[in-house]
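Okay, here's what each chain looks like letter by letter:
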Amino acid sequence: SSPARELRIPASLLSSLRSEAGAPALEAAGAETGMWLAHTLAEALGTDALAQVPTAAFWSTLDEVLRSRGWGSLRVERIHAGIGVVVAEGWGEAAGGGATDPNAPGCPFTVGLLGALFTRVSGAPVRVRELACEAREAGDACRFAFGSHAAMDALAGALDQGIPEEAALVRI
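Note that the structure is predicted; figures quoted are calculated from it, not measured.

**Points about the state of the cysteines**
The final tally for this structure, using the stated rule, is 0 disulfides. No disulfide involves Cys 142; its sulfur sits 3.8 Å from that of Cys 107, the nearest cysteine. Judged by its relative accessible area of 0%, Cys 142 falls in the buried class.

Here it is in structure tokens:
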């Protein structure tokens, strides 16, 4: 079956939706879009078996698909004991005015998008956590950790205790 029709919207709409509907609604919308993205990647790669695609081909195609649609550039920076870290530079959701409150998620749409995509690819539940948002921290990139629920719970527990990211990843 073909995916739903694709629409282009201004990045600022995500900021407005976050203000009006809240981060959970935006994360749910991202998850729906993640399923569409999985279908789009399968078409681009010529296979529905995304888990069988060589890692480099998967990440380069994902980056190409997202960049071509104005989202920015996405790459894996580090993989550690069941947790991957994705770096998103020039990220569309953050460019649209990510949350500036340090306690609010800056890119909940992306969290949902990546969670659904990685769950579809792996065939097992994958959780995503935003580590940094370029809009909130005035940095160069957004960063997202992803992994199994158990691994992400361990990471969240360490980060919530104030343990720095590098030390938390070593501790897991």
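**Some remarks on the pairing of strand E2 (residues 83–89)**
When you tally the buried positions in E2, you get 6 out of 7 residues, the bulk of the element. Pairing geometry for strand E1 (residues 73–80) and E2, over 7 bridges, is antiparallel. Counted as the bridge partner of Val 76 is Val 86 from E2. Of the strand pairs in this sheet, E2 and strand E4 (residues 141–147) are connected by 7 bridges, and their pairing is antiparallel. Bridge pairing in E4 places Val 87 opposite Arg 143.

**Comments concerning the packing of helix H2 (residues 23–45) against helix H3 (residues 55–68)**
What describes two packed helices is the angle between their axes and the distance between those same axes. At a minimum axis distance of 10 Å, the contact between H2 and H3 shows a crossing angle of 115°. In terms of orientation, H2 and H3 fall into the roughly perpendicular class. Handedness of the H2/H3 crossing: right-handed. Taking contact as the criterion, the partners of Leu 37, Thr 40, Leu 41, Ala 44 and Leu 45 in H2 are, on H3, Ala 57, Phe 58, Thr 61, Leu 62, Val 65 and Leu 66. Broken down by class, the residue content of the contact of H2 with H3 amounts to 9 nonpolar, 2 polar and no charged.

**Topic: the sheet that holds strand E3 (residues 127–132)**
Pairing is antiparallel in the open sheet, where 4 strands are placed in the order E1-E2-E4-E3. Both outer strands of the open sheet, E1 and E3, are each paired with one neighbouring strand and no more. Going from strand to strand, the sheet's axes swing by 25° on average, the running direction of each strand aside. Strands E1, E2 and E4 of the sheet are contacted by H3, whose axis makes an angle of about 145° with E1. Against the sheet, helix H7 (residues 149–160) touches E2, E3 and E4, its axis set at about 30° to E3.

**Section: helix H5 (residues 108–122)**
With 15 residues, H5 should cover 21 Å at 1.5 Å per step; its first-to-last C-alpha distance of 21 Å lies within 8% of that length. Most of H5 sits inside the fold, with 12 of its 15 residues counted as buried. By the burial criterion, the buried members of H5 are Pro 108, Phe 109, Thr 110, Val 111, Gly 112, Leu 113, Leu 114, Gly 115, Ala 116, Leu 117, Phe 118 and Val 121. Two residues or fewer past H5, Gly 123 is found with a positive phi of approximately 80°.

**Overview of the packing of aromatic side chains**
For the structure shown, the criterion picks out 6 aromatic pairs. A centroid spacing of 5.7 Å and a plane angle of 65° characterise the contact between Trp 59 and Phe 118, whose relative ring orientation is edge-to-face. In this pair, Trp 59 is assigned in helix H3 and Phe 118 in helix H5, connecting sequence segments 59 residues apart. By the burial criterion, Trp 59 is buried, and Phe 118 matches it.

**Observations regarding the packing of H2 against H5**
Two elements in contact, H2 and H5, have axes separated by 6 Å at closest approach and are oriented at 40°. Between H2 and H5, the interaxial angle falls into the category oblique. Taken as a pair, H2 and H5 cross one another with a handedness that is right-handed. On H5, the residues touching Ala 23, Leu 26, Glu 27, Ala 29, Gly 30, Ala 31, Thr 33, Gly 34, Met 35, Leu 37, Ala 38 and Leu 41 of H2 are Pro 108, Phe 109, Val 111, Gly 112, Leu 113, Ala 116, Leu 117 and Arg 120.

**Topic: the nonpolar core**
Formed by 34 residues in total, the largest nonpolar core has its most connected members in Leu 37, Phe 58, Leu 62, Leu 74, Trp 91, Leu 117 and Phe 118. Within the residue set of this core, elements represented by two or more residues are H2, H3, E2, H5 and E4. A per-element tally of this core places H5 first, with 7 residues. When residues no more than four places from it in sequence are discounted, the contact partners of Trp 91 are Leu 66, Trp 71, Gly 72, Ser 73, Leu 74, Cys 107, Thr 110, Glu 134 and Cys 142. Core analysis: the second largest hydrophobic core is formed by 12 residues, Ile 83, Met 152, Ala 158 and Leu 169 among them.

Cut-offs used in this document
Residues numbered from 1 in each chain as written. Predicted model: local features only at pLDDT ≥ 70, side-chain atom pairs only at ≥ 80, totals over all residues. Heavy atoms only, no water. Disulfide = S-S within 2.5 Å. Buried < 20%, exposed > 50% of the residue type's maximum accessible area, 1.4 Å probe, protein only. Helix = DSSP H or I, 4+ residues; strand = E, 2+ residues; numbered from the N terminus. Pairing = 2+ DSSP bridges. Axes fitted to C-alpha atoms, helices over the stretch in contact; angles between N-to-C directions. Parallel < 35°, antiparallel > 145°, perpendicular 65-115°, else oblique. Left-handed = near helix turned anticlockwise from the far one by under 90°. Contact = heavy atoms within 4.5 Å. Nonpolar A, V, L, I, M, F, W, Y, C, P; charged D, E, K, R; others polar. Expected span 1.5 Å × (residues − 1). Phe/Tyr/Trp six-rings, centres within 6.5 Å; stacked < 30°, edge-to-face > 60°. Core = buried A, V, L, I, M, F, W, Y, C linked by side-chain atoms within 4.5 Å.

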